[in-house]
Amino acid sequence: MTKILPFLLVALFAISGYAQTFEGKIVYRNAYKSKTPKMTNEQLTTMMGSAQEYFIKNGDYKSVTNGLFINWQLYVNKDNKLYSKLKSSETLIWNDASINTDKILKTEIHKNVMKILGYPCDELILTCKSGIQKYYFNKNLSVNPKLYIHHKFGNWYDVLSRSNSLLLKVIVETDQFSFVSVATGIKKMKLDESFFDLPKNQKTIRNLY
């Protein structure tokens with residue numbers, strides 16, 4: 001489990017042409033396929049969560065799931081840290097978002113490959129050391145990539161610098177699992193900055209995997 005954990009954290013968070021940057025919530029449906037004999041597809045999906053709510057405002061974002069393993073993830077832009085709340089611990093695990101253990105080997109972009117929730121989507125394909133990653137996006141859900149210039153973890157800045165948009169679908173293929181996340185709802189809404197604050201007196205520990 002310790003070997004697969006870093007990839008799962010990346011897959012989960014990775015569930016993220018106009019001047020105005022999107023602020024609000026996107027709801028996703030997630031499905032995992034296990035490639036290890038010790039865990040079934042159903043067990044992995046139940047553990048990581050089949051439903052996800054993604055909230056974003058300026059450079060901060062928070063992801064909440066119904067999984068039995070992780071409650072939520074929070075990216076605090078000013079600290080450039082990604083915090084993960086596991087159900088089994090009150091202590092938050094954090095990753096230094098400037099560190100990326102993956103490497104992009106090849107990049108492809110294909111225009112207007114599918115529609116999701118009525119949005120025509122372009123496709124970004126990254127061939128990486130970890131496997132194949134596919135991202136689908138529409139420029140109406142724009143994001144300023146400069147806000148995430150130091151967010152290297154999970155290839156996030158590389159994705160946003162090419163899409164300039166939030167994602168409506170993600171497909172990740174690794175040796176350990178495959179992951180598909182599809183947007184089922186989008187809601188533009190004003191979010192209070194305090195929504196992205198860490199709980200007071202919260203204990204944290206760095207993820208060293």
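Just so you know, these numbers come straight off a predicted model, no measurement behind them.

**Brief notes about the confidence of the model for the protein**
Then, in step 1: Averaged over all residues, the pLDDT of the protein equals 91, while 90% of them reach at least 70.
Then, in step 2: Here residues 1-6 is a poorly scored stretch, pLDDT under 50, and it has nine contacts once near neighbours within four places are set aside; other chains count.
Then, in step 3: Confidence drops under a pLDDT of 50 for residues 15-19, and excluding neighbours within four residues, the segment shows 16 contacts in the predicted structure.

**Side note on the environment of Thr36**
Then, in step 1: Mapped onto the elements of the fold, Thr36 is located in the loop between strand 1 (24-34) and helix 2 (41-48).
Then, in step 2: Sequence separation between Thr36 and Gln176 is 140 residues, and the spatial gap between their C-alpha atoms is 6.1 Å.

**Side note on the packing of aromatic side chains**
Then, in step 1: For the structure on display, the rule yields nine aromatic pairs.
Then, in step 2: Between Tyr32 and Phe177 the ring centres are 6.2 Å apart and the planes differ by 50°, which places this aromatic pair in the tilted class. Placement of Tyr32 in strand 1 and of Phe177 in strand 11 (residues 177-188) is noted, with a sequence separation of 145 residues between them.
Then, in step 3: Given a relative accessible area of 4%, Tyr32 falls into the buried group.
Then, in step 4: For the ring pair Tyr61 and Trp156, a centre distance of 6.5 Å and an interplane angle of 65° mean the geometry is edge-to-face. Of this pair, Tyr61 sits in strand 3 (residues 60-65) while Trp156 sits in helix 3 (residues 156-163), and the two are 95 residues apart along the sequence.
Then, in step 5: Relative accessible area serves as the criterion here: at 0%, Tyr61 is assigned to the buried category.
Then, in step 6: Here the aromatic residues Tyr54, Tyr61, Tyr75, Tyr148 and Trp156 are joined through ring pairs into a cluster of three or more.
Then, in step 7: Here Lys62 stacks its cationic end above the ring of Trp72, 4.8 Å away from the centre of that ring.

Quick notes on the rules
- Residues numbered from 1 in each chain as written.
- Predicted model: local features only at pLDDT ≥ 70, side-chain atom pairs only at ≥ 80, totals over all residues.
- Heavy atoms only, no water.
- pLDDT = per-residue confidence, 0-100.
- Contact = heavy atoms within 4.5 Å.
- Helix = DSSP H or I, 4+ residues; strand = E, 2+ residues; numbered from the N terminus.
- Phe/Tyr/Trp six-rings, centres within 6.5 Å; stacked < 30°, edge-to-face > 60°.
- Buried < 20%, exposed > 50% of the residue type's maximum accessible area, 1.4 Å probe, protein only.
- Lys NZ or Arg CZ within 6 Å of the ring centre and 35° of its normal.

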